[in-house]
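# Close look at the chain arrangement
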Amino acid sequence: ARTWIYLAERPLKVTELCHALSIENEAETLDHDNIPSENTILECCCGLVTVDEETSTVRLVHFTLQEYFRSEHEKHFPAGHSTIARTC
């Protein structure tokens, strides 16, 4: 989830993130039984992400985390863009 949130070109809606995370490698269709809940995503991210209740978008909890990921991009997201491209 952090990869999608950090590398997204725009803030993602909770439902968009849930659907993106449900896609398995090489899958050609969306498996509705594989869609994680909002709570599952938040729990898996260990407090690093939050949901803006007004816009229903998911974001990193603080701008300093964004800055940290920017400085350590290759360490935390070495194939992030490739992962997202394969899903799309």
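Quick look at the structure, then. In this text, all values refer to a predicted model and were calculated from it rather than measured experimentally.

Moving on, we come to empty space enclosed by the protein. Applying the stated criterion across every chain yields a total of one cavity of 30 Å³ or more. One number sums up the size of the largest cavity: a volume of about 30 Å³. As for the largest cavity, its lining consists of Val14, Leu17, Glu38, Ile41, Leu42, Val51 and Val58. Mapped by element, the contributors of at least two residues to the lining of the largest cavity are α2 (14-22) and α3 (38-44). Of all the elements, α3 adds the most residues to the lining of the largest cavity, at three residues. Partitioning the lining of the largest cavity into residue classes produces six nonpolar, no polar and one charged.

Quick look at the nonpolar core now. Formed by 19 residues in total, the largest nonpolar core has its most connected members in Leu17, Val58 and Leu60. With near-sequence residues (within four places) excluded, valine 58 lies in contact with Ile5, Leu12, Lys13, Val14, Leu17, Val49, Thr50 and Val51.

A few words on unusual backbone geometry. Although it is not a glycine, cysteine 46 adopts a positive phi angle of roughly 50 degrees. The backbone of serine 56 shows a phi angle near 60 degrees, a positive value even though the residue is not glycine. Positionally, serine 56 belongs in the loop between β2 (49-52) and β3 (57-60). Judged by relative accessible area, which is 37%, serine 56 ranks as partly exposed.

Right, let's get into the pairing of β2. Only one face of β2 is buried: it carries Val49 and Val51, and the other face, with Thr50 and Asp52, is open. As defined by bridge partners, β2 adjoins β3 across four bridges and the pair is classed as antiparallel. From the neighbouring strand, valine 49 faces β3, where its bridge partner is leucine 60.

Below, the discussion takes up the state of the cysteines. Tallied over the entire structure, the rule returns zero disulfides. As a non-bridged cysteine, cysteine 45 has cysteine 44 as the owner of its nearest cysteine sulfur, 6.7 Å distant. On the accessibility criterion, cysteine 45 (6% relative accessible area) is buried.

Here we take up the pattern of salt bridges. What the rule picks out here adds up to two salt bridges. Between arginine 10 and glutamate 16 there is a salt bridge whose closest N-O contact spans 2.8 Å. For arginine 10, a relative accessible area of 46% puts it in the partly exposed group. The partner of arginine 70 in a salt bridge is glutamate 67, and the shortest N-O contact between them spans 2.6 Å. Placement of the pair is arginine 70 and glutamate 67 together in helix α4 (residues 63-71), with a separation of three residues, close to one helical turn. Here glutamate 67 falls in the partly exposed class, since its relative accessible area comes to 42%.

Criteria and thresholds
- Residues numbered from 1 in each chain as written.
- Predicted model: local features only at pLDDT ≥ 70, side-chain atom pairs only at ≥ 80, totals over all residues.
- Heavy atoms only, no water.
- 1 Å grid on protein atoms, 1.4 Å probe; cavity = no way out; pocket = protein on both sides within 12 Å on 5 of 7 lines; lining within 4 Å.
- Points joined across faces, edges and corners; volume = space filled by probe spheres on them.
- Helix = DSSP H or I, 4+ residues; strand = E, 2+ residues; numbered from the N terminus.
- Nonpolar A, V, L, I, M, F, W, Y, C, P; charged D, E, K, R; others polar.
- Core = buried A, V, L, I, M, F, W, Y, C linked by side-chain atoms within 4.5 Å.
- Buried < 20%, exposed > 50% of the residue type's maximum accessible area, 1.4 Å probe, protein only.
- Contact = heavy atoms within 4.5 Å.
- Pairing = 2+ DSSP bridges.
- Disulfide = S-S within 2.5 Å.
- Salt bridge = Lys/Arg side-chain N within 4 Å of Asp/Glu carboxyl O.

None of this, on its own, says anything about what the molecule does.
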